[in-house]
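# What the coordinates show
Below are the chains, spelled out letter by letter.
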Amino acid sequence: MIAVMSTIREPARDIPVIADCDLVVVGGSCTGVFAAVAAARLGLSVCLVEQFNQFGGTATASMVCVWHALWDTAGKIEITAGLTREVLERLRRRGALYETERTNPHLQFGFVPAELACELDVLVLEHRIRPFLHTRVAAVVRDGRTVSAVVIEDKSGRRAIRTRAVVDASGDADVLRHAGHALHRHAKVQPATTAVMVSGLDEVRRADPGFNLGKTIFDPANPQALRRGFVWGSRVPGVPGQDLIFGTRVHDLDACDADSLTRAEIEGRNQARRIIDLVRAKHPEHPVAMTALPARIGLRESCHAHCLHQLTEAEVLDGVRFPDAIANSCYRVDIHPQGGGGIIFRYLDGREMRQDAADQAGVWGRWRAEQAVDPTYYQVPYRSLVPRDLDNVLVAGRCLDADPGAFGAVRVMVVCNQMGEAAGTAAALALRGGSTMAAVDPQLLRRTLAERGAIML
Ligand SMILES: Cc1cc2nc3c(=O)[nH]c(=O)nc-3n(C[C@H](O)[C@H](O)[C@H](O)COP(=O)(O)OP(=O)(O)OC[C@H]3O[C@@H](n4cnc5c(N)ncnc54)[C@H](O)[C@@H]3O)c2cc1C
């Protein structure tokens with residue numbers, strides 16, 4: 001195919017303004033939905049724009065159905081509640097949740113992605129949030145330090161929503177990019193993973209108790225095997241006989257580049273099918289089948305906003321307390337290395353585990369010498385959600401400002417959920433007080449979050 005280098009001039013045109021609201025939330029994962037709900041509960045009129053057909057983001061469209069601990073590493077202090085707890089209770093009532101013991105800081109809840117998507121619909125409608133599904137934010141109108149409208153594209157064409165404030169929960173900081181705000185990418189962005197739902201693995205495990213999925217799919221002696229990576233799996237509550245497998249890895253992806261994203265989707269699905277074929281080749285007597293693929297490849301990371309504070313790995317692992325803390329977590333630093341195999345975990349108690357490949361044992365060491373008392377949780381400050389050069393925009397979720405190590409920890413959903421809840425609350429306080437996002441009083445923000453069920457330590 002011939003590379004096309006020329007340009008065409010798109011004629012200027014007027015587009016209809018189809019809504020005028022207090023807050024637009026861009027991106028409808030739980031991060032975005034929680035921002036919208038928190039703001040609506042404080043009286044704001046809210047529009048919620050999501051490019052897919054459902055809310056839930058990575059948890060639904062990419063089938064990542066595990067939320068981590070709501071308690072500290074000792075299992076003694078409850079560190080997260082608010083909308084995260086509320087949605088978990090709703091899922092529990094639907095029989096769509098399983099829970100491990102609270103002292104397991106790495107896995108606490110597994111849920112049915114489809115049930116989460118339905119529950120988020122209910123939550124959005126209950127709060128009279130105006131939903132826009134199948135709708136992508138394609139541009140913004142920026143007046144100096146303010147975004148005054150977002151331009152959306154959907155089946156109806158190109159339209160605009162006028163707004164007083166914006167929460168960018170797009171994961172990729174799309175609002176900031178369209179606004180020309182400074183963004184940064186880590187030198188080693190974590191690779192993406194396509195999940196695959198598989199049936200028949202139970203039969204394989206029963207017939208071959210020594211069956212090891214990692215050894216099967218990453219076997220260096222097998223030319224068909226996947227390049228060294230890392231594999232983990234999850235059962236979906238109430239869905240017997242099915243395993244969700246996360247064993248693919250797509251490296252060198254730029255999720256903000258359309259062509260790169262297209263290549264990644266195809267590569268992720270190709271690896272997912274090879275997983276099935278590798279298991280079938282080893283156990284041809286069992287009917288192992290691919291039963292579902294996600295709507296979108298699971299994106300761990302793309303780019304980050306330049307905010308008033310960049311959260312660092314040292315702050316996370318030392319459990320630094322911030323006066324403007326809006327989220328708590330104890331999830332470990334969890335880095336899927338770009339370009340490499342295996343995984344790196346760093347823990348609040350100073351331990352570190354490095355596994356070079358899924359077919360090898362992890363090697364334990366320490367990133368910090370032993371000390372008398374270790375932190376049992378860490379915090380995220382509000383300032384890491386406040387873009388430096390915009391007055392009425394916040395980011396929430398994986399596009400926050402964090403260094404690679406800190407990001408490895410705070411990228412998980414229980415933290416993104418809290419960021420969303422805080423961003424929606426802060427937007428309401430800013431509009432109520434006529435202030436910029438940066439000028440929101442952190443003590444008032446924390447008090448308001450606590451009054452509404454969040455845990456502020
Ligand atoms: C394979 C994998 C496994 C993981 N495992 C876990 C785990 O076990 N537990 C855990 O807690 N975390 C896990 N994570 C991390 C976690 O899932 C993500 O970091 C988190 O979900 C990010 O949330 P987010 O809201 O920032 O982004 P996303 O979930 O990506 O949500 C962004 C939303 O914005 C929408 N959007 C983007 N651009 C636009 C636009 N221009 N217009 C309109 N809508 C837009 C997207 O469609 C999406 O719905 C995993 C991640 C991956 C990829």
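Heads up: the structure comes first, above all this text.
Reading the values: the criteria
Residues numbered from 1 in each chain as written. Predicted model: local features only at pLDDT ≥ 70, side-chain atom pairs only at ≥ 80, totals over all residues. Heavy atoms only, no water. Pairing = 2+ DSSP bridges. Helix = DSSP H or I, 4+ residues; strand = E, 2+ residues; numbered from the N terminus. Axes fitted to C-alpha atoms, helices over the stretch in contact; angles between N-to-C directions. Near = heavy atom within 4 Å. Polar contact = N/O pair within 3.5 Å; in protein donor to acceptor, adjacent residues only side chain to side chain. Areas by Shrake-Rupley, 256 points an atom, 1.4 Å probe, with all protein chains shown as cover. Nonpolar A, V, L, I, M, F, W, Y, C, P; charged D, E, K, R; others polar. Core = buried A, V, L, I, M, F, W, Y, C linked by side-chain atoms within 4.5 Å. Buried < 20%, exposed > 50% of the residue type's maximum accessible area, 1.4 Å probe, protein only. Domains from an automatic or database assignment. Contact = heavy atoms within 4.5 Å. Expected span 1.5 Å × (residues − 1).

Before going further, it helps to spend a moment on the sheet that holds strand E11 (residues 196–199). Read from one edge to the other, the open sheet built from four strands follows the order E12-E13-E11-E14, with strand pairing classed as antiparallel. Each of the sheet's edge strands pairs with one partner strand only, and the pair in question is strand E12 (232–235) and strand E14 (289–292). Ignoring strand direction, the axes of neighbouring strands in this sheet form an average angle of 40°. As paired strands, E11 and strand E13 (residues 242–246) are joined by four bridges and run antiparallel to one another. Bridge pairing links Ser 199 to Gln 242 in E13.

A word on the site of the ligand. Lining the immediate surroundings of the ligand are 34 residues, of which Ser 29, Glu 50, Thr 58, Arg 411 and Met 413 lie closest. Thr 31 places a side-chain nitrogen or oxygen 2.7 Å from an oxygen atom of the ligand. Relative to its unbound accessible surface of 1,000 Å², the ligand loses 98% to contact with the protein. For the shell around the ligand, the secondary structure elements donating two or more residues are strand E7 (136–143) and helix H11 (413–433). Residue composition of the shell around the ligand, by class: 13 nonpolar, 14 polar and seven charged.

Right, let's get into the nonpolar core. Membership of the largest hydrophobic core comes to 118 residues, with the highest contact counts inside it found for Trp 67, Ile 161 and Ile 326. Viewed by domain, this core spans two of them, domain 1 (17–188 + 378–451) and domain 2 (196–292), each represented by three or more residues. Leaving out residues up to four positions away in the same chain, Ile 161 has contacts with Ile 18, Ala 19, Cys 21, Val 24, Cys 47, Val 49, Phe 132, Ser 148, Ala 149, Val 150 and Ile 152. Judged by nonpolar contacts, the second largest core, of 17 residues, contains Val 198, Ile 245, Ala 272 and Ile 275.

What follows deals with helix H8 (residues 258–282). Count 3.6 residues to each turn of an α-helix, and residues three or four apart come out pointing the same way. Over its 25 residues, H8 runs 37 Å from end to end, which matches the ideal 36 Å to within 8%, given 1.5 Å per residue. The complete set of buried residues in H8 reads Ser 260, Ala 264, Glu 265, Gly 268, Gln 271, Ala 272, Ile 275, Ile 276, Leu 278 and Val 279. On the buried face of H8, the contacting elements are E11, helix H6 (201–207), helix H7 (213–217), E13 and E14. One side-chain oxygen at the N-terminal end of H8 lies 3.1 Å from the backbone nitrogen of Asp 259; it belongs to Asp 257.

Any link to function would need more than the numbers given here.
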